Amino acid sequence: MEVTCLLLLALIPFHCRGQGVYAPAQAQIVHAGQACVVKEDNISERVYTIREGDTLMLQCLVTGHPRPQVRWTKTAGSASDKFQETSVFNETLRIERIARTQGGRYYCKAENGVGVPAIKSIRVDVQYLDEPMLTVHQTVSDVRGNFYQEKTVFLRCTVNSNPPARFIWKRGSDTLSHSQDNGVDIYEPLYTQGETKVLKLKNLRPQDYASYTCQVSVRNVCGIPDKAITFRLTNTTAPPALKLSVNETLVVNPGENVTVQCLLTGGDPLPQLQWSHGPGPLPLGALAQGGTLSIPSVQARDSGYYNCTATNNVGNPAKKTVNLLVRSMKNATFQITPDVIKESENIQLGQDLKLSCHVDAVPQEKVTYQWFKNGKPARMSKRLLVTRNDPELPAVTSSLELIDLHFSDYGTYLCMASFPGAPVPDLSVEVNISSETVPPTISVPKGRAVVTVREGSPAELQCEVRGKPRPPVLWSRVDKEAALMPSGLPLEETPDGKLRLERVSRDMSGTYRCQTARYNGFNVRPREAQVQLNVQFPPEVEPSSQDVRQALGRPVLLRCSLLRGSPRIASAVWRFKGQLLPPPPIVPAAAEAPDHAELRLDAVTRDSSGSYECSVSNDVGSAVCLFQVSAKAYSPEFYFDTPNPTRSHKLSKNYSYVLQWTQREPDAVDPVLNYRLSVRQLNQHNAVVKAIPVRRVEKGQLLEYILTDLRVPHSYEVRLTPYTTFGAGDMASRIIHYTEPINSPNLSDNTCHFEDEKICGYTQDLTDNFDWTRQNALTQNPKRSPNTGPPTDISGTPEGYYMFIETSRPRELGDRARLVSPLYNASAKFYCVSFFYHMYGKHIGSLNLLVRSRNKGALDTHAWSLSGNKGNVWQQAHVPISPSGPFQIIFEGVRGSGYLGDIAIDDVTLKKGECPRKQMDPNKGILLCGLDSEDLHPGLLPANLCAHSENTNQTLPLWKPLCNGRDGQM
């Protein structure tokens, strides 16, 4: 199949390839960030090493058709760890200022619905070196029956690092080792956190009193410098010691100002003091200065443990703790306990009765209780006893026991809790004991056993408590195991038995239990009841939106399914373009409990194409299934795996692009008749529009069109729309970027214009002093040095890019920048390297071209060199090379004596064959092999490039100083 189409000034054949090109996803992970090294370890696992704080950038390069979707996930370090919940859906994963905790295994998953997904992984190893910590410990032991004491000092150096650090111990400036000093021992202790090395000074000697340095190193991996810490050991070195100005337990009244002093009693070097509070931070307004802690107007919430810690890295830190108790009382409760021995739940004359009283207090043990009866202090007797700390009740609870209850014992009892002598208000609770004091009962009011409300509305669940006194009501969930109440608590207390819920949701539906509390009432088995809460919510349907395609004249069945809803649906109505449709016939089997609604179209036509809406309603609300029915074609699927789609044309600064695509589901609708192609340069408004006729398109068939006369280095938006008998289908668009071709040299030009960020596969040499920079007239630094460097690239357009070296600070004389080409396989004996150079400025250094041979290791040889100011103009050089095997070319820029020395290159071409010969002076018969005279550099001219006379075949006297006496044989 072949048709022709005019696009952008050229007649280009349009090709249709019959084979299917749908292919499963394939993936490869490459790095593009600040990696220190990417290597393969012993089990063929890719490891990406990066310094903490640098930028991690991983790219997942994918192939496959349709274009695969990429998802990044991570595990912490081993395959058994769970994936992180967060994912990145992008082909590039970028993490700024990476932290050590972000190391681990990263997975790239690419899938396109064809075959199985492609999964690749790489392990990211984050390198770091923390500041080391040095602590000193000493032991004193008796030797030889107490004749003398031996003192041993241990200097412990600990650091966290990756990779493991190397330790170097120094006394003064001298490095210590076992072999040089018998009085020291260096070892690694067991069971330590982090990496640790211990320097042991055995039987301390006078010369051991000195400055000791622990130097840690990761051997400059990722450029991480060594770190060190120094400690001065003297005969007065001692661990810290502390004492407090107050007792370890300090009880104060609310509102008082509290001051606690932590006093140093020893320690050399001088210890540092620090105050902390547990739990939580220091109170708002608290002031810690040195060893003094001040808390103004202390409140009950300020109670807790306050820790004073002294550290000087000698021995263990010294720590003193103050338990600050601010007097307070709250939550006064009571209990009525009938005769336990007789297992009674009622108050009966002749049986025992116990009244209990409790408050939550600080300090709890300092609370005192006093009982009153009918307003007078209760008198103790054989039948009236007061006990404290009943083992069956909370700690520090007061109980009044009435033995053999008499009628005269009826009355009102009051329990008063207080802090004697403290300005804390008393708390009291009152209990009435009479024949009317009865245990509680609980029930649900009539008509309130089931509560039905709409989602988002408030709800009130109610249980009625009878009895005297009436205890609080505790609410909990019944039908959901371990479910919490809407408040987030397992139990919720209500004083009046009413549970009020704001803005109920459907997950609050269920059974709730209400039960009586065993405090502020009878201490008996709880009474309970249950309330059912039903939350009504609108229906949920699927599909919420569906695109239905069908060829003209074919039938279509639309179905809207109910997923859930409370109550069940009451109606389902269909609309077409907003107009109500007659109800479809009801299927008898589904009439009672329908779970879907259907609409059948006998044939798709232009008139019946459009938006269909199925509205499913209940008493609460409605939900909609939306169907877009049409016979228009699906969008094309651009093919992104075209090999070398860009073709550049050096002379015209134009390029062509091979555009390929397939048609998505071509058999779903009528056949595609033609495509409408629109091409627009980015940032421009005008577009070129053409029609591309086609014959019948099969699924998986690769279609191709060549776009021509595209301007380097501009990008273009391409829009492609299929047309059928129905009309226009879905449009697909993509952006075409100019990319430099990266090929092995061949007989056709292989020119790199540096217009693409990939710079034709060239890379910066890692062994040089600085890098080449890619820029154009629009991206130049406006503050760049004047009188050096080119204003534009060789084309003279401001958009054109070139490579250059910036020689301003911090560059120095002799600094080198190397730009290395891809590796080429030598398939010819001779090649010619052509390029344009710009060397303008009074401080110009040198521009060298080197050839790196790869047949026997990496060997760099000079092929060409030029130095000095050559004017504010682009000039071209042709350099012949004859590599003996796989090779690379290297452009080396060398900084001159000052900052006015910027050098630039552009349009590098590598061709098979010899360079063009140029007659420099026909009258004298001088021939320079591929080089202009200004391209020569004394001392570096190869033997086969010396000037010759064609008449005498002798080196001319003019070039003798350059040829260095060589015989000049061509």
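This structure is a prediction, so every number in the text was calculated from the model and none was measured.

Caption draft 1: Representation of the overall build of the protein. Regarding its fold elements, the protein presents one helix and 75 strands. Within the protein, the proportion of its 970 residues that are buried is 45%. Of the contacts formed within the protein by residues at least 6 apart in sequence, a portion of 68% connects residues at least 24 apart. Entry remark: accessible area of the protein is about 49,900 Å², with carbon and sulfur atoms responsible for 49%.

Caption draft 2: Main features of unusual backbone geometry. In this structure, Pro469 follows Lys468 across a cis peptide bond, with omega equal to 0°. Along the chain, the position of Pro469 falls in the loop between strand E39 (464-468) and strand E40 (473-477). In this model, Asn787 sits at a positive phi of 60°, which is unusual for a non-glycine residue. Looking at the element boundaries, Asn787 is found in the loop between strand E64 (773-775) and strand E65 (802-805).

Caption draft 3: Expanded view of the state of the cysteines. Scanning all chains against the criterion turns up eight disulfides. Linked covalently through their sulfurs, Cys60 and Cys108 form a disulfide whose S-S length is 1.7 Å. One quick way to see it: the torsion about the S-S bond of Cys60 and Cys108 is about -55°, and its sign makes the bridge left-handed. With Cys60 in strand E6 (residues 56-65) and Cys108 in strand E9 (residues 104-111), this pair connects stretches of sequence that are 48 residues apart.

Caption draft 4: Looking closely at the side chain of Ser344. Here Ser344 shows up in the loop between strand E28 (328-338) and strand E29 (353-362). When its relative accessible area of 13% is taken as the criterion, Ser344 is described as buried.

Caption draft 5: Geometry of the environment of Gly255. Tracing the sequence through the fold places Gly255 in the loop between strand E21 (249-252) and strand E22 (258-268). A relative accessible area of 40% means that Gly255 is categorised as partly exposed. Note: C-alpha distance between Gly255 and Pro423 (168 residues apart in sequence) is 9.8 Å. Non-local contacts of Gly255, meaning those with residues more than four positions away in its chain, are made with Ser297, Val298 and Gln299.

Caption draft 6: Broad picture of the pattern of salt bridges. Applying the stated criterion to the full structure yields 36 salt bridges. Between Glu455 and Arg506 there is a salt bridge, with the nearest N and O atoms lying 2.9 Å from each other. Of this pair, Glu455 sits in the loop between strand E37 (450-454) and strand E38 (459-462) while Arg506 sits in the loop between strand E42 (498-501) and strand E43 (510-516), and the two are 51 residues apart along the sequence. Here Arg506 falls in the partly exposed class, since its relative accessible area comes to 30%. Between Arg818 and Glu892 there is a salt bridge, with its nearest N and O atoms 2.9 Å apart. Note that Arg818 is positioned in strand E66 (residues 816-820) and Glu892 in strand E71 (residues 887-894), a separation of 74 residues in sequence. Residue class for Arg818 comes out buried when judged on its relative accessible area of 16%. It is possible to trace a salt-bridge network through shared partners that takes in Asp765, Arg816, Arg818, Arg852, Asp860 and Glu892.

Caption draft 7: The nonpolar core, seen in detail. Counting residues in hydrophobic clusters, the biggest one holds 34 residues, and the most contacted among them are Tyr762, Phe835, Ile881 and Phe891. Those elements giving two or more residues to this core turn out to be E65, E66, strand E67 (831-839), strand E68 (846-853), strand E69 (859-867), strand E70 (875-881), E71 and strand E72 (903-912). With five residues, E67 is the single largest residue contributor to this core. Beyond its immediate stretch of four places on either side in the chain, Phe891 contacts Tyr762, Trp772, Ala817, Arg818, Leu819, Phe835, Asn848, Leu849, Ile905 and Val908. If you look at the next biggest cluster of nonpolar residues, it comprises 30 residues, including Leu353, Ala361, Tyr410 and Val431.

Caption draft 8: Representation of the pairing of E67 in the model. Of all nine residues in E67, nine are buried, a share of seventy percent or more. Both E67 and E70 contribute to a ladder of seven bridges, which runs antiparallel. Within E70, the residue paired with Tyr831 across the bridge is Ile881.

Caption draft 9: The packing of aromatic side chains, seen in detail. Under the defined criterion, the tally for this structure stands at 14 aromatic pairs. Seen from their ring centres, Tyr824 and Phe887 are 5.6 Å apart, and the 45° between their planes marks the pair as tilted. With Tyr824 in the loop between E66 and E67 and Phe887 in strand E71, this pair connects stretches of sequence that are 63 residues apart. With respect to class, Tyr824 is no different from Phe887; both count as buried. Here the aromatic residues Phe835, Tyr837, Trp864 and Phe891 are joined through ring pairs into a cluster of three or more. The ring of Tyr634 has Arg549 lying over it, and the distance from NZ or CZ to the ring centre is 4.4 Å. Over the ring of Phe638 we find Arg734; its NZ or CZ atom is 5.8 Å from the centre of that ring.

Caption draft 10: Quick peek at the sheet that holds strand E18 (residues 211-217). Sheet architecture is open: four strands sit in the order E15-E14-E18-E19, paired in antiparallel fashion. Of all strands in the sheet, those with a lone pairing partner are strand E15 (174-175) and strand E19 (227-232), marking the two edges. By the bridge criterion, six bridges tie E18 to E19 in an arrangement that is antiparallel. Across the sheet, residue Val216 finds its bridge partner in E19, namely Lys227.

Caption draft 11: Spotlight on the sheet that holds E66. As summarised here, the arrangement of the five strands in space is E63-E66-E71-E68-E69, forming an open sheet in which the pairing is antiparallel. Here the strands that pair on one side only, and so sit at the sheet edges, are strand E63 (763-764) and E69. Taken together, the eight bridges between E68 and E69 define a ladder with antiparallel strand orientation. Residue pairing in the sheet places Leu847 in a bridge with Leu866 of E69.

Caption draft 12: Focus on the pairing of strand E30 (residues 368-373). Relative to strand E34 (residues 411-418), E30 runs antiparallel, the two sharing six bridges. Paired with Trp371 across the bridge in E34 is Cys415. Alignment of E30 against strand E31 (residues 376-377), held across two bridges, turns out to be antiparallel. Residue pairing in the sheet places Phe372 in a bridge with Pro377 of E31. Connecting E30 to the next strand, E31, in antiparallel fashion are two residues, including Asn374 with a positive phi near 55°.

Caption draft 13: Quick look at the environment of Arg500. Checked against the element boundaries, Arg500 lands in strand E42. Looking at Arg500, the relative accessible area reads 46%, which means it is partly exposed. Taking the C-alpha atoms as reference points, Arg500 and Pro458, 42 residues apart in sequence, are found 7.4 Å from one another. Other than its neighbours up to four places away in sequence, Arg500 contacts Ala459 and Glu460. Within the structure, Arg500 has its side chain in polar contact with the side chain of Glu460 (distance 3.5 Å). Reaching out from Arg500, the side chain makes a polar contact with the side chain of Asp496 at a distance of 3.2 Å.

Caption draft 14: The arrangement of the environment of Val246 in detail. One can find Val246 in the loop between strand E20 (238-244) and E21. On the basis of relative accessibility, which here comes to 22%, the residue Val246 falls in the partly exposed class. Spatially, the C-alpha atom of Val246 lies 7.6 Å from that of Gln261, the residues being 15 residues apart in sequence.

Caption draft 15: Geometry of the side chain of Glu892. Overall, the relative accessible area of 2% leaves Glu892 in the buried class. Here the side chain of Glu892 touches Arg816 through a polar contact of 2.9 Å, side chain to side chain. A distance of 2.9 Å separates a polar atom in the side chain of Glu892 from a polar atom in the side chain of Arg818. Those residues within four positions of Glu892 in sequence are excluded, and the remaining contacts are Trp772, Arg816, Ala817, Arg818, Ser846, Leu847, Asn848, Leu850 and His862.

Rules used throughout
Residues numbered from 1 in each chain as written. Predicted model: local features only at pLDDT ≥ 70, side-chain atom pairs only at ≥ 80, totals over all residues. Heavy atoms only, no water. Helix = DSSP H or I, 4+ residues; strand = E, 2+ residues; numbered from the N terminus. Buried < 20%, exposed > 50% of the residue type's maximum accessible area, 1.4 Å probe, protein only. Contact = heavy atoms within 4.5 Å. Areas by Shrake-Rupley, 256 points an atom, 1.4 Å probe, with all protein chains shown as cover. Disulfide = S-S within 2.5 Å. Salt bridge = Lys/Arg side-chain N within 4 Å of Asp/Glu carboxyl O. Core = buried A, V, L, I, M, F, W, Y, C linked by side-chain atoms within 4.5 Å. Pairing = 2+ DSSP bridges. Phe/Tyr/Trp six-rings, centres within 6.5 Å; stacked < 30°, edge-to-face > 60°. Lys NZ or Arg CZ within 6 Å of the ring centre and 35° of its normal. Polar contact = N/O pair within 3.5 Å; in protein donor to acceptor, adjacent residues only side chain to side chain.

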